[in-house]
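What the coordinates show
Okay, here's what each chain looks like letter by letter:
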Amino acid sequence: MSAFFASENDEISEVHEINVTPFIDVMLVLLIIFMVVSPLATVDLKIDLPAASAAPEPRPEKPVFISLKADKNLYLAEQAVSLAQLAGQLDSQTGADKQTTLFFQADKQAQYQDVLAVMDALRKAGYLKVGLVGREAE
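Residues numbered from 1 in each chain as written. Predicted model: local features only at pLDDT ≥ 70, side-chain atom pairs only at ≥ 80, totals over all residues. Heavy atoms only, no water.

As for the packing of helix 2 (residues 86–94) against helix 3 (residues 112–125)
The interhelical angle for the contact between helix 2 and helix 3, taken along N-to-C directions, is 55°, at an axis separation of 9 Å. As the angle between them shows, helix 2 and helix 3 are arranged oblique. Between helix 2 and helix 3 lies a crossing whose hand is right-handed. On the side of helix 2, the interface is formed by Leu86, Ala87 and Leu90, while helix 3 contributes Val118, Ala121, Leu122 and Ala125. (Axes fitted to C-alpha atoms, helices over the stretch in contact; angles between N-to-C directions. Helix = DSSP H or I, 4+ residues; strand = E, 2+ residues; numbered from the N terminus. Parallel < 35°, antiparallel > 145°, perpendicular 65-115°, else oblique. Left-handed = near helix turned anticlockwise from the far one by under 90°. Contact = heavy atoms within 4.5 Å.)

A few points about the nonpolar core
Within the largest apolar cluster, 16 residues are counted, with the highest numbers of intra-cluster contacts made by Ile66, Leu90 and Val118. Breaking this core down by element, the ones donating at least two residues are strand 3 (64–68), strand 4 (74–76), helix 2, strand 6 (102–106) and helix 3. The element contributing the most residues to this core is helix 3, with four residues. What Val118 contacts, discounting residues up to four positions off in sequence, is Ile66, Leu68, Leu74, Leu83, Leu86 and Phe104. (Core = buried A, V, L, I, M, F, W, Y, C linked by side-chain atoms within 4.5 Å. Buried < 20%, exposed > 50% of the residue type's maximum accessible area, 1.4 Å probe, protein only.)

A few points about unusual backbone geometry
A positive phi is found at Ala77, a non-glycine position, where the angle reads about 60°. One can find Ala77 in the loop between strand 4 and strand 5 (79–81). Located in the positive-phi region is Ala96, a residue other than glycine, with phi close to 60°. Summarising the element assignment, Ala96 is placed in the loop between helix 2 and strand 6. Since its relative accessible area comes to 46%, Ala96 is described here as partly exposed.

Let's talk about the environment of Gln85
In this fold, Gln85 is placed in the loop between strand 5 and helix 2. Exposure remark for Gln85: the relative accessible area of 44% places this residue in the partly exposed category. The spatial distance from the C-alpha of Gln85 to the C-alpha of Ala121 is 9.9 Å, given a sequence separation of 36 residues.

Things to note about helix 2
Within helix 2 the residues assigned to the buried category are Leu86, Leu90 and Thr94. Across the axial projection of helix 2, the buried residues extend over an arc of 45°, all falling on one side. Those residues of helix 2 hidden inside the fold are in contact with strand 3, strand 4, strand 5, strand 6 and helix 3. Among the residues trailing helix 2, Gly95 stands out with phi positive, at a value near 70°. (Arc of directions from axis to C-beta.)

Some words on the pattern of salt bridges
Here the structure, examined in full by the defined rule, presents three salt bridges. Among the salt bridges present, the one from Lys98 reaches Asp91, with a minimum N-O distance of 3.1 Å. Note on Asp91: relative accessible area 26%, which makes it partly exposed. In this structure, Lys124 engages Asp120 in a salt bridge whose closest nitrogen and oxygen atoms are separated by 3.5 Å. Remark: Asp120 and Lys124 occur in helix 3; sequence separation between them is four residues, near one turn of the helix. When its relative accessible area of 29% is taken as the criterion, Asp120 is described as partly exposed. By sharing partners, the salt bridges in this structure join Asp120, Arg123 and Lys124 into a single network. (Salt bridge = Lys/Arg side-chain N within 4 Å of Asp/Glu carboxyl O.)

Printed below as a string of structure tokens:
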């Protein structure tokens with residue numbers, strides 16, 4: 001508690017102001033501590049990383065494209081196919097190799113449920129490596 005003395009004859013009255021000096025002192029000490037410690041918090045290790053020796057995987061000679069148009073027509077390469085025939089057509093085109101990566105592209109206006117129906121048919125047929133194809137923004 002602090003007191004204010006105006007003159008000798010006045011009574012002692014309380015001052016109702018917050019003393020912010022200790023608060024500022026603590027904040028300055030914390031600021032200095034953080035300024036000293038923050039460079040130590042970053043890890044700066046020089047590591048000579050080895051180069052990768054694996055060759056990049058070659059692109060498939062003839063990629064398998066599955067296309068879904070906005071009008072729900074499904075195409076395997078450029079041949080129209082129904083959803084029920086998709087698994088059989090894929091087996092004949094890939095030689096029943098389930099590890100073949102398929103490239104699936106759908107029209108922007110195609111409904112989400114139709115896209116999921118094709119993805120589900122591919123999963124049921126055993127083709128789990130499916131790449132989604134998109135256009136690059138110009």
